[in-house]
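Reading the structure
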Amino acid sequence: MILQAVRRKKAEEEVQRAGGDLYRSVFEHTSSATIIIEGDMTISLINSEAARLSGYSREEVEGKISWTTFVAPEDLERLVSYHRQRRTEPDSMPGTYEFRLVDRQGRRKDMHLTIGSIPGTDRFVASMIDVTDRKRFEEDLNAAHEEMTAAFEEARAGQEALEAQCREMENYQANLRGIINFLPDPTFVLDRAGKVTIWNRAIEEVTGVTKSRIIGAGLEAVCKAVPGLRSPPLVAETVLSRLGGESIAREVHITSPRTGEEVCLWAKASPLYDAQGRLSGAIESLRDITESKRMEAQIQHRVDLEQVVSSISTKFIGLDPADLDGTLEEALRVLGLFLDVDRSYIFRFSPPDLTSAENTHEWCAEGGVEPQIDVLQNLPAGVISWGGMEQIKARKSICIPDIADLPQEAAAERDFLRGGTELCRSS
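None of these values were measured; they are calculated from a predicted model.

Our next topic: the confidence of the model for the protein chain. Averaged over every residue, the pLDDT of the protein chain is 78; residues scoring 70 or more account for 82%. Strand E3 (residues 96–102) holds the highest mean pLDDT among the elements of the protein chain, 89, whereas helix H1 (residues 2–29) holds the lowest, 60. Below pLDDT 50 for its whole length, residues 420–427 participates in 20 contacts with residues either more than four positions away or in separate chains.

Okay, here's the thing in C-alpha cells:
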C-alpha cells in the first residue's frame, strides 16, 4: 500500500509538471503578443513578443505595470470601461476589438486584440496582433482615389472657360486623355449613353483589351471583352443608372490575361457633370488588391489561430491533473480540425537521454483514418535523426509541409513517415 501511494504521488506530480510545461510553452512561443491581466489591471505575465512590441523588459512589466500604460489616451476610457464591465457582465462585452498601443518610445501602433477570462479566476488572457500596415494601406488606397477624382473634377470644371474656343478645348481634352492614359491605376470613362470614351494603358494591361477594341463600344461589349467580370459588370454602370449621386465602390473579380489567375480589384466610380450640372458620364478607377486580400485572409487566419491557441491555453491554467489526458486530447482535436489534418499526435521522449519515444495521445479525423497509437510505441529517436533531434533539443519546431520535398539524406525519415499507413497529411 505504501509503494502504491508513492507511485501514485509521483505520477500526479509528473502529470501536473507536464501540463504546466505545455502551457508555458504555448504561452511563450505563440507568434502574437500575449499577456495575463489581473483583476486590478496589473500585468502578471508577458511573453517575449509582447515585450518586444511594447519595448519594456519582463522585469519592468510583470507585477509592476498596469496594462493601461500601453493604451493611447483616446482609447483609454473605452478599454477601462470594457475591463470593468467584463468582470461583472462578461457576456455583454466584445471579445475582440481594435485599439492604439503606445510603446516605450512613444510610437503608436494599431492593434487587433482578442481577450478572454481565465475560468475560476479574476484574470484575463489577451493576445494582440499589429495591424498598422494594413490600416495604412487602406488609408492610402482611399486617399489615392479621392485625389484622382478631385483632379478629374477640377479639370472638368476648368473646361467651362474653354467652351468658346473649340481648338483650345480639343487640346485640353487631348491633354486630359493623356493624363488619364498614364495614370498608374486602371481607369476608364463612360459617357451618358454608356459608351466608352477613355480607356487608359493601365486597364489595357489588366484586362488584355486594347483601346482600339473598346473605345465607342457599349456596356455589353465591355462585359464580353473582359473575361470573368462579375455582374453587375461595371460600377460606373450603376452610377449612370442612378443618374449620378454619390460615388460607389465595390470589389470586382476578373481573370488575368497574363497568368490566367483570378485578380481581385477594388473599383470606385464617380459621376461626371457638364457645365449645367447635368450628368454627362462616369469615371471608374480600379486597383489590384489581390495581395491585400491575401494578407487580410492571412491575418484573419492568424487571428482565428490565436483564438484557438488562446482558448486551449486557458484550459491548462489551474488544470486538475486528473483532467490532463482529456484536455490534451481535446486540444489535439481542436487543432486537428482547425488545421484540416488527418491526425494529431503527442510523443513523449524517454528521459533523460531521449533515446526512444512513444505516442501518448492521438486524434484521428473522421472518414476512415485509422488510429496508429498502438503502432507508434517504443520508437528509437533515430527515426528523426535527420536534424530532428537537434531541433527538439534546441526547443525549436520542426515543419515538414510535404514529405516528398525532404532531401535525399532524409530518405529514412521519408520512408518511415510514409510507411504503409499513408501518414503524409498527419501533423
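Most often, soluble globular proteins have nonpolar side chains that are buried together. Formed by 28 residues in total, the largest nonpolar core has its most connected members in Ile35, Trp67 and Phe99. Counting residues per element, the ones that place at least two in this core are strand E1 (33–37), strand E2 (43–46), helix H2 (48–54), helix H4 (73–88), E3, strand E4 (108–117) and strand E5 (124–130). The residues contacting Trp67, other than those within four sequence positions of it, are Ile35, Ile37, Met41, Ile43, Leu79, Val80 and His83. By size, the runner-up hydrophobic cluster in this structure holds 22 residues, among which are Val209, Ile214, Ile248 and Val263.

Tallying each qualifying case throughout the model produces 23 salt bridges. Between Glu60 and Arg104 there is a salt bridge; the shortest N-O distance is 2.7 Å. Taken as a pair, Glu60 in helix H3 (residues 58–61) and Arg104 in the loop between E3 and E4 lie far apart in primary sequence, 44 residues in all. The partner of Lys109 in a salt bridge is Asp103, and the shortest N-O contact between them spans 3.6 Å. Under the relative-accessibility criterion, Lys109 is labelled buried at 14%. We classify Asp103 as buried; its relative accessible area is 4%. Among the ionic contacts, a cluster of salt bridges with common partners joins Glu74, Asp75, Arg78, Arg100 and Arg108.

Turning our eyes to something else, we now look at the packing of aromatic side chains. One pass over the full model with this rule turns up four aromatic pairs. Here the guanidinium or amino end of Arg86 rests over the ring plane of Phe124, the centre of that ring lying 5.9 Å away.

Now for unusual backbone geometry. Despite not being glycine, Met41 shows a phi value in the positive range, around 80°. With respect to the helices and strands, the residue Met41 is situated in the loop between E1 and E2.

For E1, the buried fraction is high: five of the five residues fall into the buried class. Residues Ala33, Ile35 and Ile37 point to one face of E1 and Thr34 and Ile36 to the other, with burial holding for every one of them. Examined bridge by bridge, E1 and E5 share five bridges and lie antiparallel to one another. Across the sheet, residue Ile36 finds its bridge partner in E5, namely Val125. Alignment of E1 against E2, held across three bridges, turns out to be antiparallel. Along E2, the bridge assignment pairs Ile36 with Leu45. In this antiparallel pair of consecutive strands, E1 and E2, the connection spans five residues, and Met41 shows a positive phi of 80°.

On to the sheet that holds E2. Strand order in this open sheet of five strands is E2-E1-E5-E4-E3, and the pairing throughout is antiparallel. At either margin of the open sheet sits one strand with a lone partner, and together these are E2 and E3. On average, each strand axis in the sheet is tilted by 30° relative to the strand beside it, whichever way the strands run. Lying on the sheet, H4 is in contact with E1, E3, E4 and E5; it crosses E3 at an angle near 135°.

Scoring rules and cut-offs
- Residues numbered from 1 in each chain as written.
- Predicted model: local features only at pLDDT ≥ 70, side-chain atom pairs only at ≥ 80, totals over all residues.
- Heavy atoms only, no water.
- pLDDT = per-residue confidence, 0-100.
- Helix = DSSP H or I, 4+ residues; strand = E, 2+ residues; numbered from the N terminus.
- Contact = heavy atoms within 4.5 Å.
- Core = buried A, V, L, I, M, F, W, Y, C linked by side-chain atoms within 4.5 Å.
- Buried < 20%, exposed > 50% of the residue type's maximum accessible area, 1.4 Å probe, protein only.
- Salt bridge = Lys/Arg side-chain N within 4 Å of Asp/Glu carboxyl O.
- Phe/Tyr/Trp six-rings, centres within 6.5 Å; stacked < 30°, edge-to-face > 60°.
- Lys NZ or Arg CZ within 6 Å of the ring centre and 35° of its normal.
- Pairing = 2+ DSSP bridges.
- Axes fitted to C-alpha atoms, helices over the stretch in contact; angles between N-to-C directions.

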